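Residue strings, one per chain:
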Amino acid sequence: GSGPMVWYQVFEYAIGHWLQKATEHMIGCVLCSPGCFSLFRGKALMDDNVMRKYTTKSQEARHYVQYDQGEDRWLCTLLLQRGYRVEYSAASDAYTHCPENFNEFYNQRRRWVPSTIANIMDLLMDYKRTIKINDNISLPYITYQFMLMGGTILGPGTIFLMLVGAFV
């Protein structure tokens, strides 16, 4: 595609993958391997505890957000909680189609943002067990994720307050 929405997303993917995914890979393991960029080991996917939980039908609002709004993030969360490692490869290439207009973009992000927060919170709420099970996740890594979560929650509000202050 082309246009400002596509340019923004190309920039966002570059930052997200060159910086955030690379950082996560170096200090632990990647929290989410986006569907369009992913390759999974069949043995890990067929792990009974991963596949059984991944195919669970949503019964509660929280589960609908966590399970159905960001399937790739939900799958990676399950893999990490079972002790598997999700890696990032800077040498890989991928091709995807991103939303070209604001309405498509908004609908995509309306699904992704709550799913991201729900899955990270699921991992952080049970971090002691995850650290025990997964050798790739350490306390500094969990601290890094807590800081990212704080930035995710505080960032938009801070930007909004700064804009309002500038206009006043």
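All figures in this text were calculated on a predicted structure; none of them were measured in a lab.

Visitor: How would you sum up the nonpolar core? Please name residues and give values.
Guide: Considering soluble globular proteins, one finds that nonpolar side chains tend to be buried as a cluster. Residues L31, L80, V86, I120, L124 and I137 are the most contacted members of the largest nonpolar core, which totals 14 residues. Listed by contribution, the elements that provide at least two residues to this core are α5 (71-81), α6 (102-125) and α8 (139-167). Residues within four places of L80 in sequence aside, it is in contact with C29, V30, L31, V86, L123, T130, N134 and I137. In this structure, A44, Y67, W74 and L78 belong to the second largest nonpolar core, which totals 7 residues.

Visitor: So what's going on with the pattern of salt bridges? Which residues, and what values?
Guide: Tallied over the full model, the rule gives 5 salt bridges. The salt bridge involving R52 is made with D48; its shortest N-O contact spans 2.5 Å. Of this pair, R52 and D48 both sit in helix α3 (residues 48-54), 4 residues apart, which is roughly one turn of that helix.

Visitor: So what about a nonpolar patch on the surface? Which residues, and what values?
Guide: A grouping of F11, I15, W18 and L19 is seen on the molecular surface, where their side chains present a nonpolar patch of about 480 Å² in accessible area. Of note, F11 is situated in helix α1 (residues 4-27). Take F11: its relative accessible area is 53%, and that puts it in the exposed class.

Visitor: Could you give an account of the packing of α1 against α8, with specific residues and numbers?
Guide: Between α1 and α8, the shortest axis-to-axis distance is 10 Å and the interhelical angle comes to 155°. The angle between α1 and α8 falls in the class roughly antiparallel. Crossing of α1 against α8: the hand is left-handed. Here Q20, T23, E24 and I27 of α1 come into contact with α8, specifically with Y141, Y144, Q145 and L148. Broken down by class, the residue content of the contact of α1 with α8 amounts to 4 nonpolar, 3 polar and 1 charged.

Visitor: Explain the packing of aromatic side chains to me, using residue names and the numbers behind them.
Guide: Taken as a whole, this structure holds 5 aromatic pairs when the rule is applied. Taken together, a centroid distance of 6.5 Å and an interplanar angle of 45° make the contact between F102 and F105 tilted. With F102 and F105 both in helix α6 and 3 residues apart, this pair spans about one turn of that helix. Among the aromatic side chains, those forming a connected cluster through ring pairs are Y8, F102, F105 and Y106.

Reading the values: the criteria
Residues numbered from 1 in each chain as written. Predicted model: local features only at pLDDT ≥ 70, side-chain atom pairs only at ≥ 80, totals over all residues. Heavy atoms only, no water. Core = buried A, V, L, I, M, F, W, Y, C linked by side-chain atoms within 4.5 Å. Buried < 20%, exposed > 50% of the residue type's maximum accessible area, 1.4 Å probe, protein only. Helix = DSSP H or I, 4+ residues; strand = E, 2+ residues; numbered from the N terminus. Contact = heavy atoms within 4.5 Å. Salt bridge = Lys/Arg side-chain N within 4 Å of Asp/Glu carboxyl O. Patch = residues over 30% accessible without salt bridge, like charges linked within 9 Å, V, L, I, M, F, W, Y side chains within 5 Å. Areas by Shrake-Rupley, 256 points an atom, 1.4 Å probe, with all protein chains shown as cover. Axes fitted to C-alpha atoms, helices over the stretch in contact; angles between N-to-C directions. Parallel < 35°, antiparallel > 145°, perpendicular 65-115°, else oblique. Left-handed = near helix turned anticlockwise from the far one by under 90°. Nonpolar A, V, L, I, M, F, W, Y, C, P; charged D, E, K, R; others polar. Phe/Tyr/Trp six-rings, centres within 6.5 Å; stacked < 30°, edge-to-face > 60°.

Geometry only, nothing functional implied.
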